[in-house]
Amino acid sequence: MDALDRVVKPKTKRAKRFLEKREPKLKENTKNAMLIKGGNANLTVTEVLKDIYAVKKPFAVLYKKKNITRPFEDQTSLEFFSKKSDCSLFMFGSHNKKRPNNLIIGRMFDYHVLDMIELGIEKFVSLKDIKNSKCPEGTKPMLIFAGDVFDVNEEYRRLKSLLIDFFRGPSVPSIRLAGLEYVLHFTAVDGKIYMRSYKVLLKKSGCKIPRIELEEMGPSLDLVMRRTHLASDDHYKKSLKQPKALKPKKKKNISHDVFGTTYGRIHMQKQDLGKLQTRKMKGLRKRPAEKSAEDSGISPKKSK
């Protein structure tokens, strides 16, 4: 019996839609994140997971029950939950004497752990503690990264890529000014990562461009990097590979300069400029005297 014959086909329309949703696509769906609480998570870690879930909704799943697992020792439970909930991003919270207030943020590739970075929470201010107006659910944030270490250090560079993956939200074809109302700011300095979230307020300025003010709305986190589990360069490049249909086709004789200006080269056949018709107006037609002078080779007299 062939292996293809043993594949169980969906018997209901609901099961068929479920399988079609998980099929590979040229443009993948928005990445979902699962937020998991460890077996010994304290109140601080629980509140952090709830606030991150509020920021990520509706592209997140919050597991309320405690799960006794250690991601750096065994990833099988994370990979099981990833396949079950169809989530490629995860955040795991735990607390113990050796690593208090611990967060592990990571991502999957083909339902296997790709990158994983452990962060320690040194200070936390929740959404409830800051009494300001909040952004609506599902608002796409603007991400700002400050600090040279995000571009110099390999671990911080991978952390930046991971945070962009985690918080970027859905891809949109266009943006309106009123939709730019949420900012997530990450600052790396002196071995710490400061996460701040702001609401953008558009004030009257007396001209077309409004005056912008930032109002902190939470959550606010002071983090420190602990352990890392990074994919090898080959495996990382494999995860970034795109299908050929998405790659832009190279056009001949077209080039771009550093400013983005497009230059094109056109190839034309050699033309005989002697037969080129230039006189179209009635007033520019040659007079009979000019024609006869040209035929005899004598230049016509200029009229005074």
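Per-chain numbering applies: the sequence of each chain, read as written, is numbered from 1 onward. It should be noted that, the model being predicted, local features are given only for residues of pLDDT at least 70 and side-chain atom pairs only at 80 or more, the latter also being counted only at that level, while totals for whole chains, interfaces and linings use all residues. Calculated side-chain values reflect all of the structure's heavy atoms, with hydrogen atoms and water omitted.

J.: What am I meant to see in the pattern of salt bridges here?
T.: Side chains carrying opposite charge are able to pair once their charged atoms draw close together. For this document, the term salt bridge refers to a Lys or Arg side-chain nitrogen within 4 Å of an Asp or Glu carboxyl oxygen. Counted by the stated rule, this structure contains 14 salt bridges. We note a salt bridge from R227 to E73, for which the minimum N-O separation is 3.8 Å. Highlighted residues: R227 in strand β10 (residues 220-229) and E73 in the loop between β2 (60-67) and α3 (76-85), separated in sequence by 154 residues. For every residue, the accessible area obtained with a 1.4 Å probe (protein chains only) is divided by the maximum for its type, and the residue is called buried under 20%, exposed over 50%, and partly exposed between those limits. For R227, a relative accessible area of 26% translates into the label partly exposed. Given a relative accessible area of 55%, E73 falls into the exposed group. Among the salt bridges present, the one from R227 reaches E118, with a minimum N-O distance of 2.9 Å. On the criterion of sequence distance, the pair formed by R227 in strand β10 and E118 in strand β5 (residues 112-125) is long-range, its members being 109 residues apart. Only DSSP runs of H or I with at least four residues qualify as helices, and only runs of E with at least two residues qualify as strands; both kinds are numbered from the N terminus onward.

J.: Honestly, a nonpolar patch on the surface in this entry has me stumped. Any pointers?
T.: Here, patches come from residues exposed beyond 30% relative accessible area and free of salt bridges, joined within 9 Å for like charges and within 5 Å for nonpolar side chains (Val, Leu, Ile, Met, Phe, Trp, Tyr). Only the protein chains shown count as cover for residues, and all accessible areas are computed by the Shrake-Rupley method using a 1.4 Å probe. A surface patch of nonpolar side chains, amounting to about 650 Å² of accessible area, comprises V172, I175, L177, L180, L202, I212 and L214. Along the chain, I175 falls in the loop between α5 (154-167) and β7 (182-189). On the basis of relative accessibility, which here comes to 63%, the residue I175 falls in the exposed class.

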